[in-house]
Amino acid sequence: MSTNLSAKFSESLTERGRAQSARKQRRRLTWPWILLIIAGGLLLLSALRVITGVEGITGFGVYSTALSWAVPIGLAGLGGLWSERAGVINIGLEGMMVMGTFAAGWIGWQYGPWAAVVAGLLGGALGGLIHALATVTFGVDHIVSGVAVNILALGLTQFLAKLWFAAPGSEAAAVGGNDRQSPKIDDMSQFSVPLLADWLGSLERQDWFFLSDAAGIARAAVDSVSWLTLLAAGLFVLTFFVLWRSSFGLRLRSCGENPVAAESLGVNVYRYKYAAITVSGALAGLGGAFLALYVHYYQEGQTGGRGYIGLATMIFGNWRPGGVAMGAGIFGFMDGTQLRGGGPTIHALLLVFAVLLVGYGLWKLYKGSRTSAMVAMASGVLVALWYATTDTVPRELVEASPYLTTLLVLCLATQRLRVPKTIGKPYRKGQGT
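Residues numbered from 1 in each chain as written. Predicted model: local features only at pLDDT ≥ 70, side-chain atom pairs only at ≥ 80, totals over all residues. Heavy atoms only, no water.

1. Regarding the pattern of salt bridges
Across all of its chains, the model carries seven salt bridges by this definition. Measuring nitrogen to oxygen at the nearest pair gives 2.5 Å for the salt bridge that ties Arg49 to Asp213. On the criterion of sequence distance, the pair formed by Arg49 in helix α3 (residues 31-52) and Asp213 in helix α10 (residues 211-219) is long-range, its members being 164 residues apart. Taken individually, Arg49 and Asp213 each receive the classification buried, so the pair is uniform in this respect. (Salt bridge = Lys/Arg side-chain N within 4 Å of Asp/Glu carboxyl O. Helix = DSSP H or I, 4+ residues; strand = E, 2+ residues; numbered from the N terminus. Buried < 20%, exposed > 50% of the residue type's maximum accessible area, 1.4 Å probe, protein only.)

2. Here's the deal with the nonpolar core
Leu75, Leu228, Leu252 and Leu293 are the most contacted members of the largest nonpolar core, which totals 45 residues. Where this core is concerned, the elements lending two or more residues are α4 (60-85), α5 (93-111), α6 (113-137), α11 (227-244), α12 (247-257), α14 (269-295) and α15 (306-316). Counting residues per element, this core draws most heavily on α14, at 11 residues. Not counting residues within four places of it along the chain, the set of residues in contact with Leu75 comprises Ala232, Leu235, Leu283, Ala284, Leu286 and Gly287. Membership of the second largest hydrophobic core comes to 22 residues, among which are Leu48, Ala220, Leu350 and Val383. (Core = buried A, V, L, I, M, F, W, Y, C linked by side-chain atoms within 4.5 Å. Contact = heavy atoms within 4.5 Å.)

3. Points about the packing of aromatic side chains
Throughout the structure, instances matching the rule amount to 14 aromatic pairs. Judged by centre distance (5.9 Å) and plane angle (85 degrees), the ring pair of Tyr270 and Tyr427 falls under edge-to-face. One end of the pair, Tyr270, is in helix α14; the other, Tyr427, is in the segment after α18 (395-413), with 157 residues separating them in the sequence. On the accessibility criterion, Tyr270 (21% relative accessible area) is partly exposed. Of the residues examined, Tyr427 reaches a relative accessible area of 7% and is grouped as buried. Each member of the aromatic cluster is reached from another via a ring pair, and the members are Phe102, Trp106, Trp164, Phe165 and Tyr298. Residue placement shows Arg219 over the ring face of Phe60; its charged tip is 3.9 Å from the ring centre. (Phe/Tyr/Trp six-rings, centres within 6.5 Å; stacked < 30°, edge-to-face > 60°. Lys NZ or Arg CZ within 6 Å of the ring centre and 35° of its normal.)

4. A few points about α3
Here α3 contains 22 residues, and its C-alpha end-to-end distance of 31 Å stays within 8% of the 32 Å for a straight helix at 1.5 Å per residue. By the burial criterion, the buried members of α3 are Leu42, Leu45, Ser46, Leu48, Arg49 and Thr52. Taken end-on, α3 shows its buried residues confined to a sector of 160 degrees, consistent with a single buried face. Among the exposed residues of α3, those pointing more than 90 degrees away from its buried face are Pro32, Trp33, Leu36, Val50 and Ile51. Phi turns positive, to about 75 degrees, at Gly53, one or two residues after α3. (Expected span 1.5 Å × (residues − 1). Arc of directions from axis to C-beta.)

5. Here we look at unusual backbone geometry
The backbone of Asp207 sits at a positive phi, close to 60 degrees, despite the residue not being glycine. Relative to the helices and strands, Asp207 is located in the loop between α9 (196-205) and α10. A residue is classified by how much of its surface remains accessible, and Asp207, at 47% relative accessible area, is partly exposed. Unusually for a residue other than glycine, Ser224 sits at a positive phi of about 55 degrees. Within the secondary structure layout, Ser224 lies in the loop between α10 and β2 (225-226).

Right, here's the structure in full:
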């Protein structure tokens, strides 16, 4: 049946989809090009550090923090990918993350950090099951259901926090719990690659152009890294192989492209949609657990909209794991920059934005889009003037930089998207007969 499904799934793609796939094949980056782009980015950051004198641009601290904040965003985006590849929009990722943070805080302070990880997975999966029940079984509009999950998660966790963490005379209240925060969760151990981490740290301290900058950035991936970060990286790899290299993934993606064709070949569409949404919630819940473990507490409002930013990474990544990881890295970098670098680093990055906007404008001009090119290049010039005429940026802008980056990235990504064909559309068993 797997062979028949593969043939049917391929036939269900439209001519527009096949043309997009052909263009994508022609544009596919090879490893030499990828390495050249990475080297160019490092060279740009090194030059920026020298020009501006802001050491944090390529410092270990910023990139270590960026990697940590990229993990919950990436897990939320990966969760959205699972759900939407099966044809179900998951606006409820934020609520599922909230349920994950609460479950991790509740279990973690009693049984330790790894129990918190499992609890976060289960808490998010519960939110996913609620969304699946509403959208798949009862046919509720996906957006309405997702918003309802977000509201339900917020209200439920606030109520349970008062009941379990702040009850007078309870053990949780006696050890620091209150109606907005759980008691403290123990630290999760970290790992460093022996010798390599020390060597990169020594090279970073030499203050050599490019080499020290590259060492500071690379060190963030091998020094004092959480085991949960490694788990998240493994889940990205596993997602690729499950969804794109297995018959299970083929059937699941067929439910998002042409569920009627999939049903005609014996695929239980409801079961696959349930599985996808449950995994989606579990991944979002794991992202929430990471947040709780990172600060050692569950706290009300802890997710800070990262479930929605996760959706942005999914869209930016064109519903592919590699793209989601890249988007999460960008947003994590902005989070890390505002937390560890502050105003001076954000101000220095204005030069990077100016260069990228001008470069994007030149590329659009080469492609024949004169209006887009002029807008991009004019914006780049204005950003460069902003940098030249100021010494820092307002604190409010620094705090909003991750969200502004989200809007900018989505604006630049919308023209190359290939959305699953039946995403958001209601499906009832037997509708094709």
